[in-house]
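So the chains spell out like this:
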Amino acid sequence: MKKLTFDRLLATGVVLIVMANVLAFLLHAGILVNLAWLLYGCLCLAHPVCPARWKNSNREKNAVLGVRIAGVLCIAIGLLTRFVV
């Protein structure tokens, strides 16, 4: 298994949300989109990573904090919105 990097984290989120939207459209189950947002937010909270160019610099702590804040926002989107419902 490859190591999770910032680029892979973003790509995983995009693929996860797109797949959930397609499945929600096909199955008429809007809850799948909300679950995808929750899952991606939990992934950002559980394993925050920052871009490689910011490693070992003064910006690393701020970047990790930014990823965690983005994870909280993704969870809020998953809980507060009603996609395709």
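Procedures and definitions
Residues numbered from 1 in each chain as written. Predicted model: local features only at pLDDT ≥ 70, side-chain atom pairs only at ≥ 80, totals over all residues. Heavy atoms only, no water. Helix = DSSP H or I, 4+ residues; strand = E, 2+ residues; numbered from the N terminus. Expected span 1.5 Å × (residues − 1). Buried < 20%, exposed > 50% of the residue type's maximum accessible area, 1.4 Å probe, protein only. Arc of directions from axis to C-beta. Contact = heavy atoms within 4.5 Å. 1 Å grid on protein atoms, 1.4 Å probe; cavity = no way out; pocket = protein on both sides within 12 Å on 5 of 7 lines; lining within 4 Å. Points joined across faces, edges and corners; volume = space filled by probe spheres on them. Nonpolar A, V, L, I, M, F, W, Y, C, P; charged D, E, K, R; others polar. Axes fitted to C-alpha atoms, helices over the stretch in contact; angles between N-to-C directions. Parallel < 35°, antiparallel > 145°, perpendicular 65-115°, else oblique. Left-handed = near helix turned anticlockwise from the far one by under 90°. Core = buried A, V, L, I, M, F, W, Y, C linked by side-chain atoms within 4.5 Å.

Student: Now, about helix α3 (residues 60–80): what can you tell me, with residues and values included?
Tutor: The end-to-end C-alpha separation of α3 is 30 Å, in line with the 30 Å expected for 21 residues at 1.5 Å each. All buried positions along α3 are accounted for by Ala63, Val64, Val67, Gly71, Cys74, Ile75 and Gly78. All buried residues of α3 project into a common sector of 125° when viewed along the axis, lining one side. Every exposed residue of α3 that faces more than 90 degrees away from the buried side is listed here: Lys61, Asn62, Leu73, Leu79 and Leu80. Elements in contact with the buried residues of α3: α1 (6–27) and α2 (31–46).

Student: Got a sec to walk through the layout of surface pockets? Specific residues and values, please.
Tutor: Of the pockets and cavities examined, the largest pocket occupies roughly 180 Å³. Taken together, Lys3, Leu4, Thr5, Phe6, Asp7, His47, Val49, Cys50, Pro51, Ala52 and Lys55 form the lining of the largest pocket. Classifying every residue of the lining of the largest pocket gives six nonpolar, two polar and three charged.

Student: Which residues make up the packing of α2 against α3, and what are the values?
Tutor: In the contact formed by α2 and α3, the axes pass within 7 Å of each other and the chain directions differ by 160°. One way to sum up the angle between α2 and α3 is to call them roughly antiparallel. Considering only the axes of α2 and α3, their crossing is left-handed. In this structure, α2 contributes Asn34, Trp37, Leu38, Tyr40, Gly41, Cys42, Cys44 and Leu45 to the contact, and α3 contributes Val67, Arg68, Gly71, Val72, Cys74, Ile75, Ile77, Gly78 and Leu79.

Student: I'd like a description of the nonpolar core, backed by residues and values.
Tutor: Formed by Leu9, Ile17, Ala24, Val33, Trp37, Tyr40, Cys44, Val49, Val67 and Cys74, the largest nonpolar core amounts to 10 residues. Taken together, the elements giving at least two residues each to this core come down to α1, α2 and α3. If one sorts the elements of this core by residue count, α2 sits on top with four residues. Other than its neighbours up to four places away in sequence, Val49 contacts Leu4, Thr5, Phe6, Leu9 and Val67.

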